[in-house]
Amino acid sequence: MRPLSGKECCVLELLAERGELYGLELVGASGGALKRGTVYVTLARMEEKGLVRGALEQGAAPHPGLPRRLYRPTALGLRLLDAHRAFASALAAPIKGRA
Amino acid sequence: MSERRPPGRWLARLAPWLVDARDVERAVEPALADLHFEWAALEAEGRGREAQRLARAALFRIALVVLPALVVRRRAERLLEARWAPLVPALAAAALGTWAFRDAAPSPAYVTLQLAYVGAGLVLALVAGTTSAGGWRRFGPAWGLSALGALALALSGEGAGGARRWALLGPLRVQTSLLFWPLFVVGLAALGERGRYGRALGLLAAALLLLAAQRDPATALPWALAAWATLRAAGAPGRVGLGAIGVGAIGVGLSFASAVALAPLPHVEGVWGLLARQNPPGALAALACSAAIVAAPFAAARRSPDRFARGVACGLGALSAGLFLRPLVAAEPVPLLGYGGSGAIGVLLGLGLVAGLGGETRSRGYGPPGRLL
C-alpha cells in the first residue's frame, strides 16, 4: 500500500471526524484544500483503493436529477490514517541528543 | 420547486463514451449529482440566473478537468499494465532493415524517413496499447468502416503502373491497405463477437472488392486469411468460417485477375534476397524477429478468455504472418525491414493493440490457455 497523498489524507481526516459527507461538503469543509475539479477524481481513486466507501443517498433524491453519493471511511482507510498520523508525529518529534 | 430539467444531461450521455463505466459511476455522476443539488436549491430560492451560472461553471469543470483527469489516469494505468514485449522484435527488425539498406535506397533521407515512420508507429502503438478492449469493442464496426473508407480513398489517389494503392494525406503518401489493416480486424472481431456474421462477411467482401480495384492481390490474400482467423477466434461457427473462406477465395481470385506487375525495388520488394546475399546472419536475425512479431499476437490470444480480444489478436497474427511470409515467395514489400512507412506504422499499431489486450488479460489474472480456432 502506497502512503497517503495530501488530498487523500485531508479526505480521510474529514470523514474520520464527521462520519459521512458528500463530495461537495468535503470541498466546503476542507477550507480550500480540496477543489471542486479534483475532489471527485480523488474520491473515485480512494474508492478503488478501498479507503472510502461511496453509496447513493437512500430513498428518492430530494432534488431533481441524479441521486448524490455519500462517502464514509473504511476500516482500512482509518487504519492508514492512524499510521500516517503516527508517522507524521514521529517525524515531528525532536531527535534525542540534538537541540 | 422549478419544473425545469436539471442541467448536464448531455454530459451524462457523453461521459460513458469517453471514460470507463466505473469512473462514470464513481466520479462523473457524483459530480453531476452535487451540481443538481446545488442548482435545485438556487432555483427553489428563485435565483435562476445564479443557478445557470453555477451550472455552466460546473459543467465546464467536469468536461475540462474531471473527464481529462480520468482519461489520463486510466491510460497511465494501462501503460504500466500492457505487455510491451512484442514491440521489441519489431524495433529490432526496423533497426536491422534501416542499417542494412541505407546504401541501397535511392533517397539520401532514407534513414531519417524510416526513423520518422517508426516514431509515428510507436506513438500510435502507445495510444492503441493504452485504449481499453471495451473502447475498441464499442466502436468496432465504425473502425471496420473507417478501414473500408481508407481503402476507397486510395482509389482516388495517386496511381503507379495501373495500380491505385496509395492515398495522399496532406504531404504523406500512404498505402492504405498496409496502414489500416488493424482497424479492419477490430471491426471484424466486434461484429463476430456480436454474432453479426452477415455484416462481417459483407465487410470482408467490400474490403476484397476494394483491394481488387486497387489491383493488389498480394495484400488481399492476408486480409482474407485474417478475416477467417478473426471470425473463428471471435466465436463464429464453422459455417461462417467456411463463408469467410468462400468470400475470401472469390475476392482474392478477383484481385489476381486484375493484378498488375510493378517493377520490384531491391530495398522494398527484394528485401529478403538482398539481405540473404549481403548479410546471411542479418537475414537469420531478421527472420527470427519476423517470427517473434507473428507469434506475439497468437500468444496473447491463447491467454485471453475474451472472444473479442482473441479475435483481434488472432486476426492480427494471421495478417502479420501473411505480410511477413509472402515476401519469401514473391517480390513483395516487408514491413519494418524494407522501406515504407505504411507497413511499419500498421505493424506497430497492431502490436500496440496486442500489447494492450495482453495487459488487460494479465491484470485480470486470467488463467490457462485455451483453444484458438
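Each value, and the rule that gives it
Residues numbered from 1 in each chain as written. Chains lettered and ligands numbered in written order. Predicted model: local features only at pLDDT ≥ 70, side-chain atom pairs only at ≥ 80, totals over all residues. Heavy atoms only, no water. Helix = DSSP H or I, 4+ residues; strand = E, 2+ residues; numbered from the N terminus. Buried < 20%, exposed > 50% of the residue type's maximum accessible area, 1.4 Å probe, protein only. Contact = heavy atoms within 4.5 Å. Buried area = accessible area lost by both parts, 1.4 Å probe. Salt bridge = Lys/Arg side-chain N within 4 Å of Asp/Glu carboxyl O. Polar contact = N/O pair within 3.5 Å; in protein donor to acceptor, adjacent residues only side chain to side chain. Nonpolar A, V, L, I, M, F, W, Y, C, P; charged D, E, K, R; others polar. Axes fitted to C-alpha atoms, helices over the stretch in contact; angles between N-to-C directions. Parallel < 35°, antiparallel > 145°, perpendicular 65-115°, else oblique. Pairing = 2+ DSSP bridges. Phe/Tyr/Trp six-rings, centres within 6.5 Å; stacked < 30°, edge-to-face > 60°. Lys NZ or Arg CZ within 6 Å of the ring centre and 35° of its normal. 1 Å grid on protein atoms, 1.4 Å probe; cavity = no way out; pocket = protein on both sides within 12 Å on 5 of 7 lines; lining within 4 Å. Points joined across faces, edges and corners; volume = space filled by probe spheres on them. Left-handed = near helix turned anticlockwise from the far one by under 90°.

A.B. asks: How should the environment of Phe298 of chain B be read in this particular structure?
C.D. replies: All names here are of chain B. Along the polypeptide, Phe298 turns up in helix 14 (residues 280–303). With a relative accessible area of 26%, Phe298 lands in the partly exposed category. Spatially, the C-alpha atom of Phe298 lies 9.8 Å from that of Val312, the residues being 14 residues apart in sequence.

A.B. asks: So what exactly am I meant to see when it comes to the interface of chain A and chain B here?
C.D. replies: Interface extent is often summarised as the accessible area lost during association of the parts. At the junction of the two partners, chain A supplies 20 residues and chain B supplies 26 residues. When the buried area of chain A at its contact with chain B is split by residue, Tyr40, Glu48 and Leu66 of chain A rank highest and sum to 28% of it. Glu25 of chain B serves as the salt-bridge partner of Arg69 of chain A, at 3.9 Å between the closest nitrogen and oxygen. For the interface between chain A and chain B, the tally reads seven residue pairs in polar contact (both at pLDDT 80 or more). At the level of elements, helix 2 (23–29), helix 3 (39–49) and strand 3 (69–73) of chain A are the ones that each hand at least two residues to the side of chain A that touches chain B. Counting residues per element, the side of chain A that touches chain B draws most heavily on helix 3 of chain A, at six residues. Taken together, the residues of the side of chain A that touches chain B break down into 10 nonpolar, four polar and six charged.

A.B. asks: So what exactly am I meant to see when it comes to the packing of helix 11 (residues 217–233) of chain B against helix 12 (residues 238–257) of chain B here?
C.D. replies: Helices that pack against each other are described as a pair by the angle of their axes relative to one another and the distance between those axes. All names here are of chain B. For the pair helix 11 and helix 12, the least separation of the axes is 9 Å and the interaxial angle reads 175°. Between helix 11 and helix 12, the angle is such that the two are roughly antiparallel. Along its contact with helix 11, which presents Pro217, Ala220, Leu221, Ala224, Trp228, Leu231 and Arg232, the element helix 12 presents Gly238, Val240, Gly241, Ala244, Ile245, Gly248, Val252, Ser255 and Phe256.

A.B. asks: Mind showing me how you'd approach the sheet that holds strand 2 (residues 52–56) of chain A here?
C.D. replies: Either a parallel or an antiparallel arrangement is found when strands of a sheet pair, and the pairing is made through backbone hydrogen bonds. Residue and element names in this part refer to chain A. Strand order across the open sheet formed by three strands is 1-3-2, with antiparallel pairing between neighbours. The open sheet has two edge strands, strand 1 (21–22) and strand 2, and neither has a second partner. Examined bridge by bridge, strand 1 and strand 3 share two bridges and lie antiparallel to one another. Across the sheet, Leu21 pairs through a bridge with Tyr71, a residue of strand 3. Its contacts with the sheet put helix 1 (residues 6–18) on strand 1, strand 2 and strand 3, and the angle it makes with strand 3 is roughly 90°. In the packing of helix 3 onto the sheet, the strands contacted are strand 2 and strand 3, and the crossing angle to strand 2 comes to about 110°.

A.B. asks: Any chance you could explain the packing of aromatic side chains here in plain terms?
C.D. replies: For any two aromatic rings, the description comes down to two numbers: the centre-to-centre distance and the angle of the planes. Inspection of every chain in the model, using the stated rule, returns three aromatic pairs over all chains. Where Trp136 of chain B meets Trp143 of chain B, the ring centres are 5.4 Å apart and the plane angle is 50°; that geometry is what we call tilted. Given the relative accessible area of 7%, Trp136 of chain B is considered buried. Since its relative accessible area comes to 30%, Trp143 of chain B is described here as partly exposed. Taking NZ or CZ as reference, Arg68 of chain A lies 3.8 Å from the ring centre of Tyr22 of chain A, over its face. The cationic tip of Arg138 of chain B hangs over the ring face of Trp17 of chain B; the distance from NZ or CZ to the ring centre is 5.6 Å.

A.B. asks: Please clarify how the layout of surface pockets should be interpreted in this entry.
C.D. replies: Gaps left between atoms show up when a probe the size of a water molecule is rolled over them. Residues and elements named next belong to chain B. What the second largest pocket holds in volume is close to 850 Å³. The wall of the second largest pocket is formed by 36 residues, among which Arg78, Thr130, Thr131, Ser132 and Gly135 lie closest to the centre. Within the residue set of the lining of the second largest pocket, elements represented by two or more residues are helix 1 (9–18), helix 3 (48–81), helix 5 (110–129), helix 6 (133–138) and helix 16 (341–363). Among the elements that make up the lining of the second largest pocket, the one with the highest residue count is helix 3 (eight residues). The class makeup of the residues in the lining of the second largest pocket is 18 nonpolar, six polar and 12 charged.

A.B. asks: What's the story with the packing of helix 7 (residues 140–155) of chain B against helix 9 (residues 181–193) of chain B in this structure? I'm lost.
C.D. replies: Residue and element names in this part refer to chain B. The N-to-C vectors of helix 7 and helix 9 enclose an angle of 140°; their axes lie 7 Å apart at closest approach. On the basis of the axis angle, helix 7 is oblique to helix 9. The crossing of helix 7 and helix 9 is left-handed. Counting all contacts with helix 7, which are made through Gly140, Pro141, Trp143, Gly144, Ser146 and Ala147, the residues of helix 9 involved are Leu183, Phe184, Val186, Gly187, Ala190 and Leu191. Along the lines of polarity and charge, the residues of the contact of helix 7 with helix 9 split into eight nonpolar, four polar and no charged.

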